[in-house]
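Overview (structure and organization)
Listed here are the chains, written in short residue letters.
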Amino acid sequence: MTSPPVFTLYTRRRHEGMLQSDMDVVLNQHPIRHLYVHIPFCSGKCSYCVLYSVMYDEQRASRYVEALSGEMDQWRRTGPPLKPETIFIGGGTPSSLAEDSFARLLQHVRSRIDPSALVEWTIEAQPGTLTPRKVAAMLAAGVNRISFGVQALTDATLQRIFRRHSVADVETSLACAREGGIDNVGIDLIACLPGVTSDEWRASVAQAARLPVQHLSVYALTIEDGSLLADQVERGEFTPADDDTQVAELDVAESILGEAGFHRYEFSNYARPGRECLHNLAYWRGNDYLGFGPAASSRVGTERWTNVADVNAYVAAAEAGNPVRRERDTLDARADLTERLMFGFRLAEGVNLDRFADADADLITHWKSALARLSDQGVVTQQGARWTLTPTGRLLADHVAEELIPAHRD
Ligand code: SF4
């Protein structure tokens, strides 16, 4: 995955670019404990994907690694020290980098942080692209978690969605990680992919649960505008599953994974006890984060910004020492807090209103009356100050958001 989505239901104040002096103030008020680094290279395009990535090219990737260091240096020159608790290197396909560039990337990041508070450092990998040297470079830098984009567990399905690995690659890469000394490993699966029957889905989830992994992300397929899959739908070559089928397939996954000892701690995420992804938990708990690389987004205080989604423009700006940020939004304090509250509803632990000590009394009153209405509708449930979505509520997240968002006051 890349940086998490930002809710767009609010009126925002949009700016072009951002003054470094503004940024210094924001950063000094909000120390950053979570870093995301985007590696925008892939060896092809999967049929369902619209994330920002370009075809891998060694020369361009090598130059990109240096530009990324330049962006981090811009921060270090003016902001407080980067002392993260979690780092997530995603893409794209970070593991697509050649061994030398891959090792250089990790050392560049490592040398630009204070690692004394670091507890989790994840890197995304495509099965078939891991090597013992890459795993050794991860260990040397302090990476302790790998997330593999598996997506499906039959070769026919993998080919149908234009993945560039096989089921055998999954097994080989899991062994490579484990033998290299990294045992905190997760995989992603997608439900309702083209041509997959319910029986095949059930068998794939059961197979995934038997793999030596501690974490599974299970997403329902979405047809994104601009994806190759959207073209296939348009041409009548594939009919997406309806909502009931999607819910049924996700329920199958929850049941199989639950029996295998994985608990569902977020809408789409399952983990063995103690192996939740701390970085993504931080997003959902509403913590601030800083994103580096093209198309990476950041959330700091009431500010949201996104870097330019063009690797060439990004490299040119970073090499010239110019800002790589493209868009900045400023939320008002109520919208900011409500956005953070909404992310929390993705979690099985729900949200504790006591955590929102900064919210004004009117906002708390608005949330409490909205939650009382939602409770009457069977959408949320309360235990003390903690509110969680019911199974019905999980299907009605947009409705919950509409209820909780206060009317905008200009
Ligand atoms: S490997 Fe990941 S980022 Fe690259 S095209 Fe496929 S899904 Fe998208």
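Bear in mind that the values here come from a model prediction, so they are computed numbers and not experimental data.

1. Considering the sheet that holds strand S8 (residues 185-191)
Within a sheet, adjacent strands bond to each other through the backbone by hydrogen bonds, running parallel or antiparallel. Reading across from one edge, S10-S11-S9-S8-S7-S6-S5-S2-S12 is the order of the 9 strands in this open sheet, with mixed pairing throughout. The open sheet terminates on both sides in strands that have one partner only, identified here as strand S10 (263-266) and strand S12 (290-292). Going across the sheet, the axis of each strand differs from the next one's by a mean of 25°, ignoring polarity. Note: S8 against strand S9 (residues 215-220), 6 bridges, orientation parallel. Bridged to Leu 189 within S9 is Val 218. Sitting on the sheet, helix H2 (residues 58-78) is in contact with strand S2 (34-39) and S12, with an inclination near 145° to S12. Against the sheet, helix H6 (residues 167-180) engages strand S7 (145-151) and S8, with an angle of about 175° to S7.

2. A closer look at unusual backbone geometry
Between Gly 91 and Gly 92 the backbone carries a cis peptide bond, its omega angle lying at 20°. Structurally, the position occupied by Gly 92 is in the loop between strand S5 (86-91) and helix H3 (99-111). For Gln 151, which is not glycine, the phi dihedral falls at a positive 75°. Mapped onto the fold, Gln 151 is located in strand S7. Classification of Gln 151 by relative accessible area gives buried; the value is 9%. With phi around 70°, Cys 192 is a residue other than glycine that occupies positive phi space. By secondary structure assignment, the location of Cys 192 is in the loop between S8 and helix H7 (198-210).

3. Some details on the pattern of salt bridges
Side-chain pairing between opposite charges can occur once the charged atoms of the two side chains come close. Taken as a whole, this structure holds 21 salt bridges when the rule is applied. Where Asp 73 meets Arg 112, a salt bridge forms, and the shortest distance between an N and an O atom there is 2.8 Å. Of this pair, Asp 73 sits in helix H2 while Arg 112 is found in the loop between H3 and strand S6 (120-125), placing the two residues 39 residues apart along the sequence. Both residues of the pair, Asp 73 and Arg 112, count as buried.

4. Notes on the packing of helix H12 (residues 333-344) against helix H15 (residues 397-404)
For the pair H12 and H15, the least separation of the axes is 10 Å and the interaxial angle reads 150°. The angle between H12 and H15 places the two elements in the roughly antiparallel class. For the pair H12 and H15, the crossing hand works out as right-handed. Contacts from Thr 338, Leu 341 and Met 342 of H12 reach H15 at Ala 397, Val 400, Ala 401 and Leu 404.

5. Points about the state of the cysteines
Inspection of the entire model under this criterion finds 0 disulfides. Unpaired in terms of disulfides, Cys 192 finds its nearest cysteine sulfur in Cys 46, a separation of 18 Å. A residue is classified by how much of its surface remains accessible, and Cys 192, at 9% relative accessible area, is buried.

6. Topic: the packing of aromatic side chains
Tallied over the full model, the rule gives 9 aromatic pairs. For the ring pair Phe 41 and Tyr 64, a centre distance of 5.5 Å and an interplane angle of 80° mean the geometry is edge-to-face. Note that Phe 41 is positioned in strand S3 (residues 41-42) and Tyr 64 in helix H2, a separation of 23 residues in sequence. Here Trp 75 and Trp 305 contribute two aromatic rings whose centre-to-centre distance is 6.0 Å and whose plane-to-plane angle is 20°, an arrangement assigned as stacked. With Trp 75 in helix H2 and Trp 305 in strand S14 (residues 303-307), this pair connects stretches of sequence that are 230 residues apart. A single burial state applies to Trp 75 and to Trp 305, both of which are buried. An aromatic cluster of at least three residues, connected via ring pairs, comprises Phe 41, Tyr 56, Tyr 64 and Tyr 314. The aromatic ring of Phe 262 is capped on one face by Arg 272, whose charged end is 4.1 Å from the ring centroid.

Criteria and thresholds
Residues numbered from 1 in each chain as written. Predicted model: local features only at pLDDT ≥ 70, side-chain atom pairs only at ≥ 80, totals over all residues. Heavy atoms only, no water. Pairing = 2+ DSSP bridges. Helix = DSSP H or I, 4+ residues; strand = E, 2+ residues; numbered from the N terminus. Axes fitted to C-alpha atoms, helices over the stretch in contact; angles between N-to-C directions. Contact = heavy atoms within 4.5 Å. Buried < 20%, exposed > 50% of the residue type's maximum accessible area, 1.4 Å probe, protein only. Salt bridge = Lys/Arg side-chain N within 4 Å of Asp/Glu carboxyl O. Parallel < 35°, antiparallel > 145°, perpendicular 65-115°, else oblique. Left-handed = near helix turned anticlockwise from the far one by under 90°. Disulfide = S-S within 2.5 Å. Phe/Tyr/Trp six-rings, centres within 6.5 Å; stacked < 30°, edge-to-face > 60°. Lys NZ or Arg CZ within 6 Å of the ring centre and 35° of its normal.

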